[in-house]
Amino acid sequence: MAKTKPKKRGKSGGFFARIFDVFTALIIIALISGAVWYWFFYSEKNGGGSIKKAIRGLYEKDSDAGNKQAVKEKDNTEVHAIDEDADDDYMESVDGDIIGGDDEMTDQYETEMASNFSSAEDNGKASDMNGFFRSVNKWAAKYVDLKVKNNTDPDENGTTDNSHLICSIWENAAKENDMKFKGYITSDKILEGIYKIDRSDLREGDLMVLKDGMFGMVINYNDPENYELIYASGEKNKVVKIDLKTMRNYWLKPEKFKGYYRAEKDILN
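So, here's what we can say about the structure.

1. Topic: the environment of Ile190
- Position of Ile190 relative to the elements: it lies in helix α7 (residues 187-192).
- With relative accessibility at 0%, the residue Ile190 sits in the buried group.
- With sequence-adjacent residues up to four places away left out, Ile190 is seen in contact with Ser163, Cys167, Trp170, Ile185, Leu207 and Phe215.

2. A few points about the packing of aromatic side chains
- As enumerated under the stated definition, the model contains seven aromatic pairs in all.
- For the ring pair Trp170 and Phe181, a centre distance of 6.0 Å and an interplane angle of 55° mean the geometry is tilted. Here the residue Trp170 occupies a position in helix α6 (residues 162-175), and Phe181 occupies one in the loop between α6 and α7, the gap between them amounting to eleven residues. The same class applies to Trp170 as to Phe181, namely buried.

3. Let's talk about the pairing of strand β7 (residues 238-243)
- Here strand β6 (residues 226-233) runs beside β7; their pairing, made up of six bridges, is antiparallel. Residue pairing in the sheet places Ala232 in a bridge with Val239 of β7.
- What sits between β6 and β7 in their antiparallel hairpin is a turn of four residues, with Asn237 showing a positive phi close to 60°.

4. A few points about the pattern of salt bridges
- Inspection of the entire model under this criterion finds ten salt bridges.
- Between Glu171 and Lys175 there is a salt bridge, and its shortest N-O distance comes to 3.7 Å. Here Glu171 pairs with Lys175, and both are found in helix α6, just four residues apart, close to one helical turn.
- You can call Glu171 partly exposed: its relative accessible area is 28%.
- One salt bridge in this structure joins Glu192 and Lys189, with 3.7 Å as the shortest N-O distance. Taken together, the residues Glu192 and Lys189, both in helix α7 and three residues apart, mark about one turn of the helix.
- Through salt bridges with shared partners, one network takes in Arg199, Glu225 and Arg248.

Rules used throughout
- Residues numbered from 1 in each chain as written.
- Predicted model: local features only at pLDDT ≥ 70, side-chain atom pairs only at ≥ 80, totals over all residues.
- Heavy atoms only, no water.
- Helix = DSSP H or I, 4+ residues; strand = E, 2+ residues; numbered from the N terminus.
- Buried < 20%, exposed > 50% of the residue type's maximum accessible area, 1.4 Å probe, protein only.
- Contact = heavy atoms within 4.5 Å.
- Phe/Tyr/Trp six-rings, centres within 6.5 Å; stacked < 30°, edge-to-face > 60°.
- Pairing = 2+ DSSP bridges.
- Salt bridge = Lys/Arg side-chain N within 4 Å of Asp/Glu carboxyl O.

Next up, the structure:
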């Protein structure tokens, strides 16, 4: 008996089955995609973005870790970097300490020594000038009331004119105090060799000058309101000494008075 051959499935049934399978797969994919979209986008939009925050947090942690590592590496680089200038300065300071360079004690000692020398020098000058001022007063007192005569010296002739009077006081006072005086000079040369000073700086041996060229010497100075003047008066024909009150009657009148002056160093020093 012959075997019966199984019937082959029709072509139409196989095609529809594949179509059904494909359709079913698409539906499943669509459902999964919708669920993922809803969960990832819609729920994130309304629920605070927890997933995005988590992802951002992971990124920021990685970024912070990278920044901290970069800063650490930079710090290590700066710590270990060699500052040649600083090293040179440090070595010079060390060498100075070892070899015997300047230090604070040395600077202080030198400052104190300089101060001592300066103080001694200033005190010496002040002492010399005080002696000079006293000598001016002494010699001026000797010449008061001497007769006036042109071209005569008070020490040699016992008479004097104004230029010889002033020069003799300067010369004798300078000799007594180890100072130098140029020597006798005429009235014109005296006026050329003096410079103007303030009234507050006035002392014995300075000159008061009038606009007409007449001058006298300041003596017995105590303060700007208490001093005297000596000069050879042609009108009175003798050497006179006047006080400030008398000076105001003539010498200190604005139309007469020119100023107070002091001898330059090339004349008296």
